[in-house]
Amino acid sequence: MTTTKNLPPQAHAIAGAIGGAFATWLFYPLELLRVEMQRNNKKSSDSSQQDDVAEEETNLECFIRLYKQKTLYRGSSSMITTMLISSYITFYTLEVIRRRMSILQLQSSRIQKQQRHIHNYIKFLHFVLPKSKVALSLLASTITGIINVLITTPLWNGTRRIMEMEPPTQTDKEDGKHKVEEKKTPNLFQMMYKIANDEGIFQLWHGTISSLLLVSNPAIQYFIYEQIRVWVLGIKNRSRIINSSSRSSAAGRKKDKVQLLLQLTAMEAFVFGALSKTVATVVTYPLQLGQMLIRIRKNEVQEMKLKQHDNSIKEDSDNNEVATADVMNLKEYNGMIDCLYQQYTNNGGFTSLFTGMSSKLIQTVGQASFIFVTYEQMLALVGKVIRPT
């Protein structure tokens with residue numbers, strides 16, 4: 001019997017990368033819609049400060065507008081590339097770390113009985129490595145998340161900058177035709193080079209600390225999915241062993257030897273992926289909300305300071321006093337704890353920590369489900385090409 005567990009890490013990485021890229025392409029319009037709505041809400045709030053009436057665009061109207069403009073996948077190549085690389089690193093690293101930890105765990109117990117002269121090393125291994133397979137899997141998922149954040153944060157920062165860029169506007173040419181202004185959008189690596197060149201190379205890793213806090217999300221997600229997956233595949237394996245032992249014919253025994261990879265069905269992968277992502281999102285959503293609020297507040301403070309600087313240049317004393325007062329009242333959050341505490345005390349208590357979670361669940365849970373569905377199906381195909389280890 002051949003299981004997907006016997007496949008080399010490269011097979012898991014290729015299948016995971018394809019699954020991540022496909023799910024990102026499928027759900028990209030929802031992510032772009034979120035960015036567009038944030039931009040529109042910001043414009044409407046700025047215009048409402050000058051005019052009493054400001055029309056707000058609904059989600060459906062924004063989606064229809066993007067569809068008519070044929071821009072639902074504007075900038076999608078950068079995010080798909082980032083997800084492809086990120087998913088490959090995640091699935092490859094996760095599989096390698098799990099296997100290495102299992103080997104170390106077995107070696108530590110064996111060597112302890114045979115090699116007394118390295119007793120201190122063995123004690124260290126027993127102290128560091130978890131004793132149960134469940135804890136071992138959770139630790140492997142956490143380490144994988146940390147490695148993924150450190151490597152892919154520049155890619156995500158570049159992708160975010162591209163998505164938040166203003167879309168090309170329409171201008172009237174001399175010939176009277178209505179034509180889209182030719183403004184080239186940089187690709188992912190051009191944007192990363194621009195950030196490093198203009199703001200310094202360390203700016204590529206901006207937000208790494210808050211992203212490390214959110215390592216708990218994929219760690220919980222992959223941990224729960226893997227535990228359910230191992231449990232279900234174990235049941236299937238035992239069932240096949242019972243069925244195969246009941247067969248007495250030689251033809252039946254020969255057929256068992258050439259069975260396909262033991263894997264989850266598409267429906268099982270979809271349900272288990274949705275379940276694991278739902279639990280991970282609900283548990284870690286306050287951290288995700290805090291990360292977003294910190295970034296928004298930082299941008300607001302920077303804009304206020306720019307307005308104050310412009311007003312001082314124009315020597316507009318009235319506006320300068322207003323801008324100075326706004327800057328004094330608007331301050332950046334002093335870290336994640338301060339952000340969540342202010343959100344809790346000023347915006348309605350415990351429920352305010354889960355503001356907007358329903359819309360987040362629709363996108364992330366759906367995307368995670370399709371990632372695991374594609375991952376399981378691609379793993380079976382890759383397994384036919386790459387021999388099990």
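As a reminder, the structure under discussion sits directly above these lines.
All of the points below concern the structure found in this document. Computed from a prediction, not measured in an experiment: that's the story for all the values here.

## Things to note about the pattern of salt bridges
Across all of its chains, the model carries six salt bridges by this definition. For R99, the salt bridge identified is with E95, shortest N-O distance 3.4 Å. Highlighted residues: R99 and E95, both in helix α3 (residues 76–114), separated by four residues, approximately one helical turn. Taking the relative accessible area as the measure of exposure, R99 reaches 22% and is therefore partly exposed. With relative accessibility at 11%, the residue E95 sits in the buried group. Across the pair E226 and R98 runs a salt bridge whose closest N-O atoms are separated by 3.3 Å. One end of the pair, E226, is in helix α8 (residues 216–245); the other, R98, is in helix α3, with 128 residues separating them in the sequence. Here E226 matches R98 in class, with each residue buried.

## Examining the nonpolar core
By size, the foremost hydrophobic cluster in this structure holds 24 residues, and its most contacted members are Y225, L264, F272, F372, Y375 and L379. Elements that contribute at least two residues to this core include exactly α1 (9–50), α3, α5 (133–164), α8, α10 (266–314) and α13 (357–385). Here this core gets seven residues from one element, more than from any other, and that element is α8. Residues in contact with F272, not counting those within four places in the same chain, are Y225, I228, V232 and L264. Membership of the second largest hydrophobic core comes to 10 residues, among which are L32, L33, V35 and M163.

Scoring rules and cut-offs
Residues numbered from 1 in each chain as written. Predicted model: local features only at pLDDT ≥ 70, side-chain atom pairs only at ≥ 80, totals over all residues. Heavy atoms only, no water. Salt bridge = Lys/Arg side-chain N within 4 Å of Asp/Glu carboxyl O. Helix = DSSP H or I, 4+ residues; strand = E, 2+ residues; numbered from the N terminus. Buried < 20%, exposed > 50% of the residue type's maximum accessible area, 1.4 Å probe, protein only. Core = buried A, V, L, I, M, F, W, Y, C linked by side-chain atoms within 4.5 Å. Contact = heavy atoms within 4.5 Å.

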